[in-house]
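Secondary and tertiary structure notes
Listed below, chain by chain, are the residues.
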Amino acid sequence: MKTLDVSVVTPDGPVLEDQFDMVSCKAENGELGVLPGHIPMVAPLSISSVRLKQDDDSVKLAVNGGFLEVRPDKVTILAQSAENPAEIDVQRAEEAKKRAEQRLESQQENVDFQRAQLALKRAINRLDIAQ
Ligand code: ATP
């Protein structure tokens with residue numbers, strides 16, 4: 001059976017490089033499933049999970065932004081950050097969530113709400129994937 005050569009890269013370096021049967025992710029305009037032979041494309045990714053299927057197993061990653069690039073039999077995910085469930089520090093994510101919620105609830109003028117909303121999304125995504 002044909003597989004996809006997948007690599008996941010962040011500014012901190014390569015996270016993963018392996019062969020998979022399918023890549024499922026959430027692009028900014030919807031869910032996306034990539035199988036071998038998929039047409040070449042580039043799509044921006046949302047703060048979400050990427051699932052990499054390999055036989056009866058699958059690997060899940062919490063990704064934060066970035067792009068998915070599909071070339072013939074090669075898929076590259078370039079993300080700002082990408083962690084598997086074991087790498088996620090749950091306490092850190094809970095603290096980040098609390099901080100973001102407090103900022104969003106505060107009426108202070110100096111709070112960057114968009115930034116706080118993104119931080120909240122990252123924390124919730126990590127907590128979902130760590131569970
Ligand atoms: P924090 O406020 O806790 O730093 P953040 O959402 O602002 O959270 P990011 O900017 O998304 O953090 O990530 C910065 C770096 O820290 C990345 O390398 C990311 O993989 C790592 N990181 C962030 N939060 C966690 C976590 N809860 N567990 C493991 N690694 C994390």
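Predicted model only: the values in this text are computed from it and were never measured.

1. Describing the site of the ligand
Near the ligand lie 13 residues; those nearest to it are Glu 83, Asp 89, Arg 92, Arg 99 and Arg 122. With respect to the ligand, the side chain of Arg 92 contributes an N or O atom lying 2.8 Å from an oxygen atom. One nitrogen or oxygen atom from the side chain of Arg 126 is found 2.9 Å from an oxygen atom belonging to the ligand. Relative to its unbound accessible area of 590 Å², the ligand is 70% covered by the protein chains. When atoms are counted within 2 Å of each cavity's grid points, the one that captures over half of the ligand is the largest pocket.

2. Focus: the sheet that holds strand E8 (residues 67-71)
Reading across the sheet, the five strands line up as E2-E1-E9-E8-E5 and stay open at both edges, with mixed pairing between neighbours. Two strands in the sheet have a free side with no partner beyond their single neighbour: strand E2 (13-20) and strand E5 (41-44). Strand-to-strand, the axes of this sheet are offset by a mean angle of 15°, without reference to chain direction. Bridging between E8 and strand E9 (residues 74-78) involves five bridges; their strand directions are antiparallel. Paired with Phe 67 across the bridge in E9 is Leu 78.

3. Section: the pattern of salt bridges
Under the criterion given, the structure shown has six salt bridges. The partner of Lys 53 in a salt bridge is Asp 21, with the nearest N and O atoms 3.9 Å apart. Taken together, the residues span a long stretch of sequence, with Lys 53 in strand E6 (residues 48-54) and Asp 21 in the loop between E2 and strand E3 (22-27) at a distance of 32 residues. Between Glu 83 and Arg 126 there is a salt bridge, and its shortest N-O distance comes to 2.7 Å. You can see Glu 83 sitting in strand E10 (residues 81-83) and its partner Arg 126 sitting in helix H2 (residues 113-130), a full 43 residues away along the chain. In this structure Glu 83 comes out as buried when scored by relative accessible area, which is 14%. Where salt bridges share partners, they join Asp 5, Glu 17 and Lys 74 into one cluster.

4. Description of the domain arrangement of the chain
Each domain of the chain was delimited in the assignment, giving domain 1 (4-83) and domain 2 (89-130). The centre of domain 1, based on its C-alpha atoms, is set 24 Å off from the matching centre of domain 2. The interface of domain 1 with domain 2 comprises nine residues on the first partner and six residues on the second. For the pair domain 1 and domain 2, the two sides together bury roughly 610 Å², of which 63% comes from carbon and sulfur. Of all residues in domain 1, Ile 47, Ala 62 and Glu 83 bury the most surface against domain 2, accounting for 62% of the area lost on that side. Across the contact surface, domain 1 and domain 2 share four residue pairs in polar contact (both at pLDDT 80 or more). Contributions of two or more residues to the side of domain 1 that touches domain 2 are made by E6, strand E7 (57-64) and E10. Ranked by the residues each element gives to the side of domain 1 that touches domain 2, the list is headed by E7, at four residues. Here the residues of the side of domain 1 that touches domain 2 sort into four nonpolar, four polar and one charged.

Definitions and limits used
- Residues numbered from 1 in each chain as written.
- Predicted model: local features only at pLDDT ≥ 70, side-chain atom pairs only at ≥ 80, totals over all residues.
- Heavy atoms only, no water.
- Near = heavy atom within 4 Å.
- Polar contact = N/O pair within 3.5 Å; in protein donor to acceptor, adjacent residues only side chain to side chain.
- Areas by Shrake-Rupley, 256 points an atom, 1.4 Å probe, with all protein chains shown as cover.
- 1 Å grid on protein atoms, 1.4 Å probe; cavity = no way out; pocket = protein on both sides within 12 Å on 5 of 7 lines; lining within 4 Å.
- Sits in = over half its atoms within 2 Å of the grid points.
- Pairing = 2+ DSSP bridges.
- Helix = DSSP H or I, 4+ residues; strand = E, 2+ residues; numbered from the N terminus.
- Axes fitted to C-alpha atoms, helices over the stretch in contact; angles between N-to-C directions.
- Salt bridge = Lys/Arg side-chain N within 4 Å of Asp/Glu carboxyl O.
- Buried < 20%, exposed > 50% of the residue type's maximum accessible area, 1.4 Å probe, protein only.
- Domains from an automatic or database assignment.
- Contact = heavy atoms within 4.5 Å.
- Buried area = accessible area lost by both parts, 1.4 Å probe.
- Nonpolar A, V, L, I, M, F, W, Y, C, P; charged D, E, K, R; others polar.

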